Amino acid sequence: MKTSGNTVFISGGSAGIGFAFAKKLSAAGNKVIINGRSEERLQNAVKELDNAFAIQGDLSVEADRIKIAKELAEKFPEVNIVINNAGAAILNDLSDTANNAAEKAFQEINTNYLSIIDFTRLVLPNLLQQEEAAIVNVTSIAAFRSNKYLPTYSASKAALHSYTQGLRITYEEQSNLNIFEIYPPLVNTDFSAEIGGANGIAPSEVADELLLGLENNQFDILVGDSKKFSDRV
């Protein structure tokens, strides 16, 4: 699909991978709407972008999802790409019986999976009206390879991966709507600092792969070490 002249909504777009997406897409000639929980952080990010706007809100909260979807429909009805990037990851030691593993898992499942399903439901009617549209779900290498530090985060990304495949099958005959999935490995962001993010790749590398994947209609976009798992995709 085209990689310029789009109007793109990016959740979690004020920092990390989301902000790298915003910078790359803005520089390529797209209108960008970034979303996040912190108004201050959003406004600071918008100042670094061209043709960019911000919508504050927490997509893990139902009332905010509805508000954001309504604002998009009213102010930016031309939105044709939605990037579901916002996420939550919590260190969760399953061997610690005093650790409330289920509570942490609930937060991750709600943010990384259930909220995306609901927000997609809210924005799909508008996307289906566009001449060319796309949904991009940001999963992770963790969808294929869990570990002792983030077992429930990995499970939430595996769930999102399965949902994305189902969504793609559902709309495979809808020629104007494409469903993409991008699989970052460990990335050097504040989000991943607790789990050794400093050893990860740059967010810009993920953004480069996204634009290349969009341009080539490569619906499964593997990045860095995730390419080692291509036979599972």
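Higher on the page you've got the structure.
Residues numbered from 1 in each chain as written. Predicted model: local features only at pLDDT ≥ 70, side-chain atom pairs only at ≥ 80, totals over all residues. Heavy atoms only, no water.

**Considerations on the environment of Gln130**
To keep things clear, this is the line we draw: Under the DSSP-based scheme used, a helix requires at least four consecutive residues in state H or I and a strand at least two consecutive residues in state E, with every element numbered from the N terminus. Classification of residues uses two cut-offs on accessible area relative to the type maximum, computed with a 1.4 Å probe and protein chains only: under 20% is buried, over 50% is exposed, and between them is partly exposed. Whether two residues are in contact is decided by their heavy atoms: any pair within 4.5 Å suffices.
Structurally, the position occupied by Gln130 is in the loop between helix H4 (101-127) and strand E5 (133-138). Assessed through its relative accessible area of 15%, Gln130 is described here as buried. When neighbours within four sequence positions are excluded, Gln130 is seen to be in contact with Pro77, Glu78, Val79, Asn80 and Asn176.

**Section: the pairing of strand E4 (residues 81-84)**
The line we're drawing: Strands pair, by our definition, only if DSSP identifies at least two bridges between them. A crossover gets the label right-handed when its path from the first strand over the helix to the second runs clockwise, viewed with the strands pointing away from the viewer.
Burial of the side chains of E4 extends over both faces: Ile81 and Ile83 are buried on one face and Val82 and Asn84 on the other. Where strand E1 (residues 7-11) meets E4, three bridges bridge the pair, whose relative direction is parallel. Opposite Val8, over in E4, you have Ile81 as the bridge partner. A crossover links E4 with its parallel partner E5, the connecting element being H4, and its sense is right-handed.

**Focus on helix H6 (residues 203-215)**
Note the threshold: To estimate the expected span of a helix, subtract one from its residue number and multiply by 1.5 Å.
Across its 13 residues, H6 extends 19 Å between first and last C-alpha, which sits within 8% of the 18 Å expected from 1.5 Å per residue. Those residues of H6 that sit buried are Pro203, Val206, Ala207, Glu209, Leu210, Leu211, Gly213 and Leu214. Looking at the buried residues of H6, the elements they touch are helix H1 (16-27), E4, E5, strand E6 (177-183) and strand E7 (220-222). Immediately beyond the C-terminal end of H6, within one or two residues, lies Asn217, with a positive phi of roughly 50 degrees.

**Quick notes on the packing of helix H3 (residues 62-75) against H4**
We apply this condition: Convention adopted: a line fitted to C-alpha atoms gives each axis, helices being fitted over their contacting stretch, and angles between N-to-C directions are expressed from 0 to 180 degrees. If an angle is under 35 degrees, it is roughly parallel; if it is over 145, roughly antiparallel; if it lies from 65 to 115, roughly perpendicular; otherwise it is oblique. By convention the crossing between two helices is left-handed if the near helix lies anticlockwise of the far one by an angle smaller than a right angle, and right-handed if it lies clockwise.
Running from N to C, H3 and H4 cross one another at 30 degrees; their axes reach a closest spacing of 10 Å. By the angle between their directions, the pair H3 and H4 is classed as roughly parallel. The handedness of the crossing between H3 and H4 comes out as right-handed. For the pair H3 and H4, contact is made by Glu62, Arg65, Ile66, Ile68, Ala69 and Leu72 and by Ser115, Asp118, Phe119, Leu122 and Val123, respectively.

**Re the packing of aromatic side chains**
The geometry of an aromatic ring pair is captured by the separation of the ring centres together with the interplanar angle, meaning the angle of the planes. What counts, and what does not: Centres within 6.5 Å make a pair out of two Phe, Tyr or Trp rings, where for Trp the six-membered ring is used; the pair is then stacked when the planes are under 30 degrees apart, edge-to-face when over 60, and tilted otherwise.
With the rule as written, the count across this model stands at five aromatic pairs. Ring geometry for Phe144 against Tyr183: centres 5.3 Å apart, planes inclined by 25 degrees, an arrangement best described as stacked. Taken together, the residues Phe144 in the loop between E5 and helix H5 (151-170) and Tyr183 in strand E6 connect sequence positions 39 residues apart. On the basis of relative accessible area, Tyr183 is assigned to the buried category, the value being 0%.

**Some thoughts on the nonpolar core**
Heads up, the condition is: Remark: nonpolar core denotes a set of buried residues (Ala, Val, Leu, Ile, Met, Phe, Trp, Tyr, Cys) joined through side-chain atoms within 4.5 Å.
Phe21, Ile83 and Ile182 are the most contacted members of the largest nonpolar core, which has 32 residues in total. Here the element with the most residues in this core is H1; it accounts for six residues. Non-local contacts of Ile182, meaning those with residues more than four positions away in its chain, are made with Phe21, Val136, Asn137, Val138, Thr139, Ser140, Val206, Leu210, Ile221 and Val223. The next biggest cluster of nonpolar side chains, apart from the first, holds 22 residues, and it includes Ile33, Val123, Leu177 and Ile179.

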